[in-house]
Amino acid sequence: MPETVGDVQVLEFRLEDRKYCIDIAHVDEIVDKEELTPLPNSEPRVEGVMDLRGTTTTIINPKQVLDLETTETGQRVVVLEGDGDGENVGWLIDAVNQVVSIDSGEVDESVESESVRGIVRQDDDFVVWVKPEEINN
């Protein structure tokens, strides 16, 4: 059987001092954070909205959903592919690391939860693979 190079590409990014990743198929683009307009009475995970080339994009802080302490404010936004309902969503992150190919066999799914698909071992480190649909809802 021929050996395959990773069968899934993921975008690896940083929240605080931890690494996370998301399937690259969900990512539309990565932009710098611009001025956000806060939304009164919105959920804690919603940082506000941002104008992205004439489109209102809701900016979510995944740290709120993943229960991380926030010591720094992210300056990058990962804009996710729209799901056809007209709502554009971006995640406020601290840094973009890289796009890597992984073999789905390398994913430890024993830790799967509501917002986590699994863990990817990378050298001596772990990368948490998150589910965008759970972070967004």
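Structure first, text after, so check above.
Calculation rules
Residues numbered from 1 in each chain as written. Predicted model: local features only at pLDDT ≥ 70, side-chain atom pairs only at ≥ 80, totals over all residues. Heavy atoms only, no water. Helix = DSSP H or I, 4+ residues; strand = E, 2+ residues; numbered from the N terminus. Rg over C-alpha atoms; globule rule 2.2 N^0.38 Å. Areas by Shrake-Rupley, 256 points an atom, 1.4 Å probe, with all protein chains shown as cover. Lys, Arg positive; Asp, Glu negative; His and termini not counted. Charge placed at Lys NZ, Arg CZ, Asp CG, Glu CD. Pairing = 2+ DSSP bridges. Axes fitted to C-alpha atoms, helices over the stretch in contact; angles between N-to-C directions. Core = buried A, V, L, I, M, F, W, Y, C linked by side-chain atoms within 4.5 Å. Buried < 20%, exposed > 50% of the residue type's maximum accessible area, 1.4 Å probe, protein only. Contact = heavy atoms within 4.5 Å. Salt bridge = Lys/Arg side-chain N within 4 Å of Asp/Glu carboxyl O.

**Here's the deal with the overall build of the protein chain**
Along the backbone of the protein chain there are 2 helices and 11 strands. Computed over the C-alpha atoms, the radius of gyration of the protein chain is 15 Å, within 12% of the 14 Å expected from 2.2 N^0.38 for a compact globule of 137 residues. Its C-alpha atoms give the protein chain principal-axis dimensions of roughly 55 × 30 × 25 Å. Of the roughly 8,100 Å² of accessible surface on the protein chain, a fraction of 42% belongs to carbon and sulfur atoms. Side chains of the protein chain carry 11 positive and 33 negative charges; the gap between the two charge centres is 4 Å.

**A few points about the sheet that holds strand β5 (residues 55-60)**
Overall, mixed pairing links the 5 strands, which are arranged β3-β6-β7-β5-β4 in an open sheet. A single partner strand is all that each edge strand has here, and the edge strands are β3 (27-32) and β4 (46-52). In this sheet, neighbouring strand axes are inclined to one another by 30 degrees on average, regardless of whether the strands run parallel or antiparallel.

**Digging into the nonpolar core**
The biggest cluster of nonpolar side chains holds 19 residues, and the ones touching the most others in it are F13, L15, Y20, I22, L66, W91 and V130. If sequence neighbours within four positions are ignored, Y20 has contacts with L11, E12, F13, L15, L66, L68, V127, V128 and V130. The next biggest cluster of nonpolar side chains, apart from the first, holds 9 residues, and it includes V10, I102, V107 and V120.

**With respect to the pattern of salt bridges**
All told, the structure shown has 8 salt bridges when counted by the stated rule. For E16, the salt bridge is made with K63, and the minimal N-O distance between the two is 2.8 Å. In this pair, E16 sits in the loop between β1 (8-15) and β2 (18-23) while K63 sits in helix α1 (residues 62-65), placing the two residues 47 residues apart along the sequence. By relative accessible area, which is 9% here, E16 ends up buried. Taking the shortest distance from any N to any O, the salt bridge between D125 and K19 comes out at 3.5 Å. Of this pair, D125 sits in strand β11 (residues 125-130) while K19 is found in strand β2, placing the two residues 106 residues apart along the sequence. D125 gets classed as partly exposed once you look at its relative accessible area, which sits at 34%. In this structure K19 comes out as partly exposed when scored by relative accessible area, which is 24%.

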